[in-house]
Amino acid sequence: MAKFDIIAATGCPTGIAHTFMAKEALEKAAAERGLTIKVETHGQVGVENELTKSEIAGAKAVVVAADKDVQAERFAGKPMVSVGVSKALSVEAAGKLIDRALAAKGDNTVAAAADVEDEVEEKESIGHVIYKHLMNGVSHMLVFVVAGGVLTAVSFLWGITSFDSTASDYNSFAAMLKIIGGIAMNLMVPVLSAYIAESIGKRPALVPGFVAGMIAIQGLPVNAETGMIDAGGAGVGFGFLGGIVGGFLAGYVILLLEKVFAGLPKNLDGLKAIFLYPLFSTAIVGLVMLGISGPMAAINTAMMDFLKGLSASGAVVLGLAIGCMCAFDMGGPVNKAAYVTGTAMLTEALAAGVGTDTYNFGTNFMAAVSAACIVPPLITTFAVVVGKKYFSQEDHDAGIVNLILGCTHITEGAIPFMTKNIWPVMPIMMLGSSIASILTIMFNVHDPAPHGGFLVLPVVENGPLWVLAILIGAVVGGILFVAFKKYDFEKNQKAAPVAKPVEASKAAAVEAPKAEAADFVKVENVFVAEDFASRDEALSFVSNQAVKAGIASDADAVMNAFLAREAEGTTGMMEGFAIPHAKSDAITEAAVIVVKDESGVTGWDTMDGAPVNVAIALLIPGAQAGTTHLKILSKVAEALMDEDFRGTVKGSTDAAEIAKTINARLV
């Protein structure tokens, strides 16, 4: 059985994007550190790449990056770091988590080096624990919402009242779809409540959790004639807020009962699980939920009235609130709060029936939420197409993929763009989403489906105007994003002027002191077995390695300096060599980083059209033009004229030999 240095578990509420973005970041960060890793993902399709007991036992440390329950108790006793999934979406952030997890073990020499602040963060905050339980419920609920909502919406294709046997547009198939969709939507709150409870109290909490959720949607039944509690009477439900309260109540009641029954003999464990826990927990939770039904119903009504009142303030106010919430963290807790509110209002809308004020408000609100969630990925698509020269190839490819993600209502694809420049990218995304939401409300768009993006367009009322609203938001945001990237690109380009060929040749003629050049190329800065998909991926790798080696302080600034030089003229040479240079104030010491790719990096625009196998990257501090270090670096270009030098560097797989060969030409 294979053993891994690091094991990890990732999971986000929707299980669509964050889960797998964190997995990829952790894998890359581990590879950069020479560590083996296995990452278990908790996505919408279930647990994939599941960790075995032997793999858990053999691991040095554990990283949990999840906003849902991933059964972290399996890792008890192991050095572990547990954070929200958003803390592991970049390679740099994931690397820090791995370092912290390794430092968490009882090795004093390693732990002493760990930042005190990081040690405090290793303990989950109460807020994150509560959020994790809540998101476990939300992640299980979403699939019911999507399935039920879309089926209900599809039934409207035969007519708004096609489910009604007394209506002229009645269709039996549409009626069945409406019934199925309604059942799925009605399970939304019980499932939310049950899986919040399950996250807290595990499997025994499912029973009281489901019961609490059912009470939340039915309320306390009262006989209309007698005014007394009556099982045959009718109650007022208190919605998803009641489901949340019931879920936490059920989970913690189970934990309380575990303590109460802890003194019972071990051979009665079966009795506890199948009789005592479900009986007592259901009775306690049920009585409490029925007891608070009145106040909870009042709170739920007040919340809905507040949102309707916000709508009365105008489309701008409501749309701005929706847009900012949806784009603030793009799939995180604030986004989910807006989305869950939208689905709850849509549920009430569908229950109220077509043509009612409740239906009109709920479906209009849902359309605004959907528009706000679709816009951020489309902003990145517009930006990488219109302003292609200002983005790396990796960002360009991601932006194109975001066209598909955005059109299907998956906001998370825009996160990597925001994490690189939170300011001003986050405000740009929020503005674009707000514009789309405001226009959606103004255009009186109604969306009876809670998810699906443009796939549900046939059932959206005023669908063309909805698409127009989204496109306007995406274009405005995209223009602002391109303007920012253009400014950032030009600023770095000015900071990285390139010496003219004549100046470089003169510098090459000046002999540098042997003592400074003897070990200029360090063995640890030679990477001989890499595999890059593009020039930009290779340059990004070099930029990040420069930061890790202490050569530079900002990988993005170094990358921009490389790209600025490439924009002026390719650094691709002949016979598989390239000499990319970056001159930036972010580089703290002159250095050379060598990367080799045996299969060859295509798209470098070399002089002979051949792919690049060896890139000898020159990193130069902004203040060191014309100094001894730059004179040493210029000798690299001269060395490439030597066939023996090229043959040795290109043919060797020994980092030490390559470093020695280059250093020999610098003395």
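Up top is the structure these notes are about.
Residues numbered from 1 in each chain as written. Predicted model: local features only at pLDDT ≥ 70, side-chain atom pairs only at ≥ 80, totals over all residues. Heavy atoms only, no water.

Here we come to helix α15 (residues 357-386). In this model, α15 (30 residues) spans 42 Å end to end at C-alpha, consistent with the 44 Å of a helix rising 1.5 Å per residue. In the structure, α15 departs most strongly from a straight axis at V375, where the bend amounts to approximately 30° and where the proline P376 lies between one and four residues downstream. With respect to burial, α15 is a largely interior element, 24 of its 30 residues being buried. (Helix = DSSP H or I, 4+ residues; strand = E, 2+ residues; numbered from the N terminus. Expected span 1.5 Å × (residues − 1). Bend = angle between axes of the 7 residues up to and from the residue. Buried < 20%, exposed > 50% of the residue type's maximum accessible area, 1.4 Å probe, protein only.)

This next bit is on the packing of aromatic side chains. Scanning the entire structure with this criterion turns up 12 aromatic pairs. Plain terms: the ring middles of F391 and F417 are 6.5 Å apart, the flat faces sit at 65° to each other, and that makes the pair edge-to-face. Note that F391 is positioned in the loop between α15 and α16 (393-407) and F417 in helix α17 (residues 415-420), a separation of 26 residues in sequence. Judged by its relative accessible area of 6%, F391 is buried. Between F527 and F541, the aromatic rings sit 5.1 Å apart at their centres with planes inclined by 90°, giving edge-to-face as the arrangement. One end of the pair, F527, is in strand β6 (residues 526-527); the other, F541, is in helix α22 (residues 535-548), and 14 residues separate them in sequence. By relative accessible area, F527 is classed as buried at 15%. A residue is classified by how much of its surface remains accessible, and F541, at 14% relative accessible area, is buried. (Phe/Tyr/Trp six-rings, centres within 6.5 Å; stacked < 30°, edge-to-face > 60°.)

We now examine the pairing of strand β4 (residues 61-66). For a regular strand, side-chain orientation follows a simple rule: the groups alternate between the two sheet faces. Here β4 lies mainly inside the structure; 6 of its 6 residues are buried. Burial of β4 is two-sided: the residues A61, V63 and A65 facing one way and the residues V62, V64 and A66 facing the other way are all buried. As defined by bridge partners, strand β1 (residues 6-11) adjoins β4 across 6 bridges and the pair is classed as parallel. Note that in β4 the partner of A9 across the bridge is V64. Bridging between β4 and strand β5 (residues 80-83) involves 4 bridges; their strand directions are parallel. Note on β5: the bridge partner recorded for V63 is V81. (Pairing = 2+ DSSP bridges.)

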